[in-house]
Amino acid sequence: MPRKLSKQPSLTSASPTLTASPAPQIPPSLTDPTLPLPKLIVFDLDYTLWPFWVDTHVTPPLKPNAAHSLATDRHGEEYTFYPDVPQILQLLPRAGSPVKLGVASRTHAPALARDLLKMLHLPPAQEGDARPRRALDAFDAGLEIYPGSKIRHIELLQRRAGVDFEDILFFDDESRNQETERLGITMRLVRDGVCWAEIEKGVDDWRRRRSVRKGSV
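The notes below deal with the structure included here. Note that the coordinates shown come from a computational prediction; the quantities given were computed from them, not determined experimentally.

What the chain contains, in helices and strands, is 4 helices and 12 strands. When the 217 residues of the chain are sorted by exposure, 49% land in the buried category. Summarising the internal contacts of the chain: among those between residues at least 6 apart in sequence, 66% fall at separations of at least 24. Surface accessibility of the chain: about 10400 Å² in total, with carbon and sulfur atoms responsible for 51%.

Here is the structure:
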């Protein structure tokens, strides 16, 4: 498993190796048919879906391993998602009512980020499923990957998905991006990457915000 890299411009400082989590199960609160789910869930990339800055830590070219579970850069450093992310991207759209997924990233290396999303594959969600698919293909609402305000990213994703802003849940690791809530969305600030527990907390945040909005009408 690749290292979780420090949020520093140098690769000389890295935290302990990430350990693989047990096979995750989707939390019951996400499959309860009596509870609503966001119609669009948007993810940042760096330190949200994977533990590094793609434009700072990664030196192209990238080469995937045989299983497409990680990719190695020119210096032999390995890069992949946080442990729960592949299953989250596979199972979340199947949780209940249709959920679309999107990406909002302000990286300065958009082509490299897209390459990595193509190289990293998601395991079959259940027995009988087709062969593993590219992570890139999980984001049916599209990808907004370029420098600039996350407000612009969210606006374009909302328009493409055809949902209301209040039906959007956004996961990001930077507090400055909470400005996106001015649009009416819900943002969940993550401190150590996305996992099933963070997904559940984010959906809880969205449900509470939605309830308050409805109760105030």
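With that settled, the discussion passes to the side chain of S105. Along the polypeptide, S105 turns up in strand β7 (residues 100-105). Beyond its immediate chain neighbours, meaning those up to four positions away, S105 contacts D44, L45, E144, I145, Y146, K150 and H153.

A separate point is the sheet that holds strand β10 (residues 143-145). Pairing is parallel in the open sheet, where 5 strands are placed in the order β10-β7-β3-β11-β12. With one partner strand each, in any of the chains shown, β10 and β12 (186-189) form the two edges of the open sheet. For this sheet the average axis-to-axis angle between neighbouring strands, irrespective of direction, equals 20°. One ladder, built from 4 bridges, connects strand β3 (residues 40-43) with strand β11 (residues 168-172); its direction is parallel. In the sheet register, L40 faces β11, and the bridge partner there is I168. On the sheet, helix α3 (residues 150-161) packs against β3, β7, β10 and β11 and is oriented at approximately 155° with respect to β7.

On to unusual backbone geometry. For the bond running from P60 to P61, omega is 5°, close enough to zero to count as cis. Residue Y47 is not a glycine yet carries a positive backbone phi of 60°. Checked against the element boundaries, Y47 lands in the loop between β3 and β4 (63-64). Take Y47: its relative accessible area is 3%, and that puts it in the buried class. With a phi angle near 55°, H68 is a residue other than glycine that sits in the positive phi range. Within the element layout of this structure, H68 appears in the loop between β4 and β5 (71-72). Assessed through its relative accessible area of 24%, H68 is described here as partly exposed.

Moving on, we get to the pattern of salt bridges. Inspection of the entire model under this criterion finds 13 salt bridges. When the shortest N-O distance is used, the salt bridge between E174 and R106 registers 3.9 Å. Of this pair, E174 sits in the loop between β11 and β12 while R106 sits in the loop between β7 and α2 (110-119), and the two are 68 residues apart along the sequence. Its relative accessible area of 27% is what places E174 among the partly exposed residues. For the salt bridge of R210 with D167, the shortest nitrogen-to-oxygen distance reads 4.0 Å. A residue pair is termed long-range when its members are at least 10 positions apart, and R210 in helix α4 (residues 196-215) and D167 in the loop between α3 and β11 qualify at 43 residues. Note on D167: relative accessible area 6%, which makes it buried. Shared partners join several salt bridges into a network, and the residues in it are R188, E198, D205 and R208.

The rules behind the values
- Residues numbered from 1 in each chain as written.
- Predicted model: local features only at pLDDT ≥ 70, side-chain atom pairs only at ≥ 80, totals over all residues.
- Heavy atoms only, no water.
- Helix = DSSP H or I, 4+ residues; strand = E, 2+ residues; numbered from the N terminus.
- Buried < 20%, exposed > 50% of the residue type's maximum accessible area, 1.4 Å probe, protein only.
- Contact = heavy atoms within 4.5 Å.
- Areas by Shrake-Rupley, 256 points an atom, 1.4 Å probe, with all protein chains shown as cover.
- Pairing = 2+ DSSP bridges.
- Axes fitted to C-alpha atoms, helices over the stretch in contact; angles between N-to-C directions.
- Salt bridge = Lys/Arg side-chain N within 4 Å of Asp/Glu carboxyl O.

Remember that the coordinates give geometry; whether it matters functionally is a separate question.
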